[in-house]
Amino acid sequence: SQTIHQWPATLVQPVGSPLSLECTVEGTSNPNLYWYRQAAGRGLQLLFYSVGIGQISSEVPQNLSASRPQDRQFILSSKKLLLSDSGFYLCASGQGDSPLHFGNGTRLTVT
Amino acid sequence: GENVEQHPSTLSVQEGDSAVIKCTYSDSASNYFPWYKQELGKRPQLIIDIRSNVGEKKDQRIAVTLNKTAKHFSLHITETQPEDSAVYFCAANLRGGGADGLTFGKGTHLIIQP
């Protein structure tokens, strides 16, 4: 079975600072990868998805970007964080007609 | 746009009673409908799922029903226990399972009263 590693688990960053969250997947090859954000403990908002190396699709305009430099690596970044970027960030792996498997998440607080 | 609606947002039931959470979806091409349970501060975890070729699926105290014509599906939890307290999310693969994955409802906070 696949395992999704996310780090760090928690992060406190000042407004205007950069961000880099990393996600790696084990136990599968060529997965579809996803970044979700969850605000205030409710609602999973899809931010980005990727079907392969270098292929990124964005679901909502925002202050964030994503990259997929390797098949099982997915990175979420920002050049300058906003207060509204605070939330629980979840990386997930899966296909359109099968379960999504989530990482343990990163709780980001922008101060 | 395509979406998934979930109700209620909060549900409080007495321990031992049943709980039902309902979702509707907009895209008739959807064919996969999972349910996730999320405990406080943790990741969502799959508890049951159903595909469009069946109308009901059961796993011990948990069951899911699907009405394709009406485009709604429901989660049923019987003999509720304190450990069932959590936020539950329904989801659907809108647009027939494209690479953009699952679209989630806004969640239901289930509270089991002792």
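As the structure is a computational prediction, the values presented were derived from the model and not from experiment.

Participant: What's the story with the overall build of chain A in this structure? I'm lost.
Facilitator: Helix and strand counts for chain A come out as 0 helices and 11 strands. Reading chain A from its N end, one meets helices and strands in the order β-β-β-β-β-β-β-β-β-β-β. Relative to a compact globule of 111 residues, whose C-alpha radius of gyration would be 13 Å, chain A shows 13 Å and is just as compact. Taken along its principal axes, the extent of the C-alpha atoms in chain A is 35 × 25 × 20 Å. Considering chain A as a whole, with its 111 residues, one finds that 47% of them fall into the buried category. The contacts of chain A with a sequence gap of at least 6 include a subset with a gap of at least 24, amounting to 53%. Per element, the accessible surface of chain A, about 5,000 Å² overall, is 51% carbon and sulfur. The centroid of the 7 positive side-chain charges in chain A is displaced by 10 Å from the centroid of its 6 negative side-chain charges.

Participant: When you look at the pairing of strand β7 (residues 65-70) of chain A in this model, what are you seeing that I'm missing?
Facilitator: On a regular strand, each side chain points to the face opposite its neighbour's, so the side chains alternate between the two faces of the sheet. All names here are of chain A. As paired elements, β7 and strand β8 (residues 73-78) share 4 bridges and run antiparallel to each other. Paired with Ala 66 across the two strands is Leu 76, which belongs to β8. Taking the residues between adjacent antiparallel strands as the criterion, β7 and β8 are bridged by 2 residues.

Participant: Please explain the nonpolar core as it appears in this structure.
Facilitator: One recurring pattern in soluble globular proteins is that nonpolar side chains are buried together. Counting 24 residues, the largest nonpolar core has Tyr 25, Trp 35, Phe 73, Leu 75 and Leu 110 of chain B as the members making the most contacts within it. Put simply, the parts of the chain that give this core at least two residues each are β2 (10-14), β3 (19-25), β4 (32-38), β5 (45-51), β7 (62-67), β8 (72-77), β9 (86-92) and β11 (108-113) of chain B. Among all residues touching Phe 73 of chain B, those that are not within four sequence positions of it are Ile 21, Lys 22, Cys 23, Tyr 25, Phe 33, Trp 35, Thr 65, Leu 66, Cys 90 and Ala 91 of chain B. With 18 residues, the next largest nonpolar core counts Trp 35, Phe 48, Leu 76 and Tyr 89 of chain A among its residues.

Participant: It is not clear to me how the interface of chain B and chain A should be interpreted in this structure. Could you clarify?
Facilitator: One frequently used descriptor of interface size is the decrease in accessible area upon assembly of the parts. Counting from both sides, the interface comprises 26 residues of chain B and, opposite them, 22 residues of chain A. Roughly 1,800 Å² of surface becomes buried between chain B and chain A when both sides are summed, with 55% attributable to carbon and sulfur atoms. Scanning the region where chain B abuts chain A turns up 0 salt bridges. Remark: the boundary between chain B and chain A carries 5 residue pairs in polar contact (both at pLDDT 80 or more). Secondary-structure elements contributing two or more residues to the side of chain B that touches chain A are β4, β5, β9 and β11 of chain B.

Participant: Please explain the environment of Ile 53 of chain A as it appears in this structure.
Facilitator: All names here are of chain A. With respect to the helices and strands, Ile 53 occurs in the loop between β5 (42-52) and β6 (55-58). Sequence separation between Ile 53 and Gln 13 is 40 residues; the distance between their C-alpha atoms is 29 Å. Those residues in contact with Ile 53 that sit more than four places away from it in its chain are Arg 68, Pro 69, Gln 70 and Asp 71.

Rules used in this analysis
- Once a new chain begins, its residue numbering starts again from 1 and follows that chain's sequence as written.
- Each chain is given a letter, starting from A, and each ligand a number, starting from 1, according to the order in which they appear as written.
- Residue-level local features of this predicted model are given only where pLDDT is at least 70; pairs of side-chain atoms are given and counted only at 80 or more, and the full residue set underlies all totals for whole chains, interfaces and linings.
- Based on all heavy atoms of the structure, the side-chain values leave hydrogens and waters out of the count.
- Only DSSP runs of H or I reaching four residues or more are called helices, and only runs of E reaching two or more are called strands; each is numbered from the N terminus.
- In this treatment the radius of gyration is a C-alpha quantity, and the globule benchmark scales as 2.2 Å times the residue count to the 0.38 power.
- The buried label goes to any residue with under 20% of its type's maximum accessible area, the exposed label to any with over 50%, and the partly exposed label to all in between, with areas taken from a 1.4 Å probe on protein chains only.
- Two residues qualify as a contact provided that any one of their heavy atoms is within 4.5 Å of a heavy atom in the partner residue.
- Computed with a 1.4 Å probe, the accessible areas rest on the Shrake-Rupley method; for each residue, only the protein chains presented here act as cover.
- Under the counting rule used here, the positive set is Lys and Arg, the negative set is Asp and Glu, and His together with the chain ends is not counted.
- One atom stands in for each charge, and that atom is NZ of Lys, CZ of Arg, CG of Asp or CD of Glu.
- Strands qualify as paired when DSSP identifies two bridges or more between them.
- Among buried residues, the Ala, Val, Leu, Ile, Met, Phe, Trp, Tyr and Cys ones that are joined through side-chain atoms within 4.5 Å form a nonpolar core.
- Take the accessible area each of two parts loses on contact, using a 1.4 Å probe, and add the two losses: that sum is the buried area.
- In the sections that follow, a salt bridge refers to a side-chain nitrogen of Lys or Arg positioned within 4 Å of a carboxyl oxygen of Asp or Glu.
- Whenever two N or O atoms come within 3.5 Å, that pair is a polar contact, provided that in protein one can donate a hydrogen and the other can accept it, and provided that, for residues adjacent in sequence, both atoms are side-chain atoms.

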